[in-house]
Amino acid sequence: MDIKISPFFSLQDQYDNLAIHTSKGIEFLDKYANFIRDRLAIETEYAAKLRRLAKNYQPKKKEEDDNEFTSHQAFRNVLKEINDLAGQREVVAESLQLQIIQGITLLSKTLREERKKCLSNGTYLQQNLSSQLSALERAKRNYEKAYRDSEKAVDNYKKADMDLNLSRAEVERYKNIMTAKIQQSDDAKNEYANQLQKTNNLQQQHYNELLPEVFNRLQELDEKRTRGIREFIIGAADVESSVAPIIARCLEGMVKAGESINEKEDSYKVIERYQSGFTPPTDIPFEDLSKQDPESSQESHYNNVQSSHLTVKGTISANRIKKRVGIFNIFGSNKNSLTADGQKEDFSDLPPNQRRKKLQAKIAELQQKIAQETAARDGLMKMKVVYEANSSLGNPMTVEGQLNESEHKLEKLKIDLKKYQGYLERANQIPMASNSPQANRNNLHNGHRVSRHSNGSTEDNNEDGDDQPDDGGSLSRSDSEDNVAQIQNGHNNNNNGSSASPESGLGTSHTSLPGSGQGSAHDNAMGEDAYYETEMELLQPLGTCRALYPFEATSEGSIPMNEGEVLQVIEIDQGDGWTRVRRLNNTNGWDEGFVPTSYIECTLYA
């Protein structure tokens, strides 16, 4: 059998070094496995941190209103792509674990076992050859000793045979010794020749067949280990390459997200969100000081400035001011008429544009709920028909209760839809200009705007820039008038027939006056207690106000006033269009009540 001699056989005298080299090679393979494990841990940690990053920057619930902007939408898309990137890093880590780590572990185990067998076989061959060489060396030494002994015995016999003094018996003894030694030498020679032949045969087989096979296996083992490292390195790169297209698509998605940002569209959405619908003020009219008293003119200018400051403080920043207790809680907002976010049910506390948007969104929501509830009701009706046709499928009475409940919900949703449609219709009927500060502030019975100066003179102007009403008050009064119209049309019944004029504030509040029939006796008692507790402590005046127009009190809680009358301000307008004032009454002490903010001109104390 021909054995292909391994190139490693040229290192036959370096067997120990080859054993050390193969051991270091397997250790290097394990080192590469540890490198892949560390990289796998980094990939896993990187993916986890990417996911945590995307989660931490997800829009909060309070930021949902900003999601309509293209920049916010683009950022949300970027976060989605980051999540996808994290998923691809997890795929890389999983593939490295399954394809590389397990492959290296299996290869390392196989190589160690094969190396152990090769080294064990090589050691056995080396020991066998060494044993044969030792036997040959012993046979050679025995042969050399026997040969020297035989030569010595021959010399002794020759000397004895030549010696005439020795007897024949003595010579015969030397002859016998010589013959024995020669026989021993021949036996040792034969043994030596036999051992030499065996050693040569074994040595030839060892170096030509057995040992080359061991070296071949060692070379294959080392090449297998080297080839494995090459495949694992390429495999790790292939794992990365396999996710590269998806990562590239993620990056393309980020680029598209960035390109989707439209600054003009975002600007338009900002305008849509914050546009109030109020018209800007017109030019301030010229006041001819030669026709007025200088002191009165200065006082009028100061009053106008203070009134403007009061309007801003009393309407725009009303949510920062503590809500008034009110008399009998008439003018305070009822909790039942507020939405979850603290706004009024009909959103009358919002500017016109924002109010329309809120109402339209509410109507769309109710319509969707009605569609869902209608589908559910139709399903229950079909189920009931099936149960009635085949009672074995179910009891129709079990569906009856659910059907009644569904009908009740549907009816309630339809009522709410009709109510909000009415709100929207009234909101659409109100022109923009009517909600502007100037239009609400300047009111004439004939439709002309009248501006009154501090000296009491009246003059027709297109606008009076000094007289700015409370925005919230304008909205509250208009909604009150709408609600009054509802009351007059029969939508709201007042048991005692008390009026619900805009001055009363009842149009926007569900809280009734004591004895009005709309509240319980307990509510009336609570209202009276609150009123008398308020009266026990006389509030300090915040400033003074002058009546621009006469006002007739038509409901409890408000007080009448004459044009030009000066009153004390004890509570400023908080967004509902009413200001609490006080006047000195010689008979009853002090009279307190509410008057429309748009009917007065306020001067607050510094």
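Thresholds, definitions, all that
- Residues numbered from 1 in each chain as written.
- Predicted model: local features only at pLDDT ≥ 70, side-chain atom pairs only at ≥ 80, totals over all residues.
- Heavy atoms only, no water.
- UniProt positions renumbered as here; feature names shortened; annotations may be inferred.
- Helix = DSSP H or I, 4+ residues; strand = E, 2+ residues; numbered from the N terminus.
- Buried < 20%, exposed > 50% of the residue type's maximum accessible area, 1.4 Å probe, protein only.
- Contact = heavy atoms within 4.5 Å.
- Areas by Shrake-Rupley, 256 points an atom, 1.4 Å probe, with all protein chains shown as cover.
- Disulfide = S-S within 2.5 Å.
- Polar contact = N/O pair within 3.5 Å; in protein donor to acceptor, adjacent residues only side chain to side chain.
- Salt bridge = Lys/Arg side-chain N within 4 Å of Asp/Glu carboxyl O.
- Pairing = 2+ DSSP bridges.
- Axes fitted to C-alpha atoms, helices over the stretch in contact; angles between N-to-C directions.
- Parallel < 35°, antiparallel > 145°, perpendicular 65-115°, else oblique.
- Nonpolar A, V, L, I, M, F, W, Y, C, P; charged D, E, K, R; others polar.
- Phe/Tyr/Trp six-rings, centres within 6.5 Å; stacked < 30°, edge-to-face > 60°.
- Patch = residues over 30% accessible without salt bridge, like charges linked within 9 Å, V, L, I, M, F, W, Y side chains within 5 Å.
- pLDDT = per-residue confidence, 0-100.

Going by what an unreviewed UniProt entry lists, the chain is known as Formin-binding protein 1-like and is assigned to Glossina pallidipes. Note on the chain: under the UniProt heading Sequence similarities (unreviewed entry), the record states "Belongs to the FNBP1 family."

Trainee: Please provide a residue-by-residue account of the overall build of the chain, values included.
Mentor: Looking only at helices and strands, the chain features 10 helices and 7 strands. When each of the 606 residues of the chain is scored for burial, the buried share is 40%. Within the chain, residue pairs in contact and separated by at least 24 positions form 75% of the contacts whose partners lie at least 6 positions apart. Of the roughly 35800 Å² of accessible surface on the chain, a fraction of 51% belongs to carbon and sulfur atoms.

Trainee: How would you sum up the state of the cysteines? Please name residues and give values.
Mentor: Per the counting criterion, the structure on display carries 0 disulfides. Looking at Cys545, it has no disulfide partner, and the nearest cysteine sulfur is the one in Cys602, 5.0 Å off. Here Cys545 falls in the buried class, since its relative accessible area comes to 3%.

Trainee: How would you summarise the side chain of Arg89 if you had to cite specific residues and measurements?
Mentor: Structurally, Arg89 can be placed in helix H2 (residues 70–162). Among the polar contacts made by the side chain of Arg89, one reaches the side chain of Glu43 at a distance of 2.9 Å. When residues no more than four places from it in sequence are discounted, the contact partners of Arg89 are Glu43, Tyr46, Ala47, Leu50, Glu240 and Ile247.

Trainee: So what about the pattern of salt bridges? Which residues, and what values?
Mentor: Tallying each qualifying case throughout the model produces 25 salt bridges. Salt-bridge contacts for Glu170 lead to Arg173; the nearest nitrogen and oxygen are separated by 2.7 Å. In this pair, Glu170 and Arg173 both sit in helix H3 (residues 168–259), 3 residues apart, roughly one turn of the helix. Relative accessible area serves as the criterion here: at 39%, Arg173 is assigned to the partly exposed category. Each of Arg39, Glu43, Arg89 and Glu240 takes part in a single network of salt bridges with overlapping partners.

Trainee: An account of the sheet that holds strand S7 (residues 600–604) is requested, with residue identities and associated values reported.
Mentor: Strand order in the open sheet formed by 5 strands is S6-S5-S4-S3-S7, with antiparallel pairing between adjacent strands. What marks the edges here is a single partner per strand, and that holds for strand S6 (589–596) and S7. The sheet shows a mean angle of 35 degrees between the axes of neighbouring strands, taken without regard to direction.

Trainee: Could you give an account of the pairing of strand S4 (residues 566–571), with specific residues and numbers?
Mentor: Along any regular strand the residues' side chains alternate between the sheet's two faces. The sheet contact formed by strand S3 (residues 543–547) and S4 spans 4 bridges and is antiparallel. Paired with Thr544 across the strands is Gln568, a residue of S4. Alignment of S4 against strand S5 (residues 578–585), held across 3 bridges, turns out to be antiparallel. Bridge pairing in S5 links Gln568 to Arg582. Between S4 and S5, which follow one another and run antiparallel, lie 6 residues, and Gly575 among them has a positive phi close to 105 degrees.

Trainee: Please provide a residue-by-residue account of the packing of H2 against H3, values included.
Mentor: One way to put it is that H2 packs onto H3 with a least axis distance of 6 Å and a crossing angle of 170 degrees. Our classification of the angle between H2 and H3 gives roughly antiparallel. Residue composition of the contact of H2 with H3, by class: 50 nonpolar, 23 polar and 19 charged.

Trainee: Describe the packing of aromatic side chains, listing the residues and the values that go with them.
Mentor: The full count for this structure, using the stated rule, is 8 aromatic pairs. Plain terms: the ring middles of Tyr57 and Phe75 are 6.4 Å apart, the flat faces sit at 85 degrees to each other, and that makes the pair edge-to-face. Linking Tyr57 in the loop between helix H1 (15–56) and H2 with Phe75 in helix H2, this pair joins segments that are 18 residues apart in sequence. Centre to centre, the rings of Tyr420 and Tyr423 are 5.5 Å apart; their planes meet at 90 degrees, and the pair counts as edge-to-face.

Trainee: I'd like to hear about the environment of Arg148, residue by residue, with values.
Mentor: Looking at the element boundaries, Arg148 is found in helix H2. Taking the C-alpha atoms as reference points, Arg148 and Ser185, 37 residues apart in sequence, are found 8.2 Å from one another.

Trainee: Residue-level account of a nonpolar patch on the surface, with values.
Mentor: Taken together, Leu53, Tyr57 and Phe75 make up a surface patch of nonpolar side chains, about 300 Å² in accessible area. Within the fold, Leu53 resides in helix H1.

Trainee: Let's hear about the packing of H2 against helix H4 (residues 263–274): which residues, and what values?
Mentor: Across the interface, H2 lies against H4 with an axial gap of 8 Å and an inter-helix angle of 120 degrees. With respect to H4, the element H2 is oriented oblique. Touching Thr70, Ser71 and Gln73 of H2 are Glu265, Asp266 and Lys269, all from H4.

Trainee: I'd like to hear about the confidence of the model for the chain, residue by residue, with values.
Mentor: The share of residues in the chain with pLDDT of 70 or more is 70%, and the mean pLDDT across the chain is 74. Every residue in residues 301–323 is under pLDDT 50, and counting partners more than four places away or in other chains gives 42 contacts.

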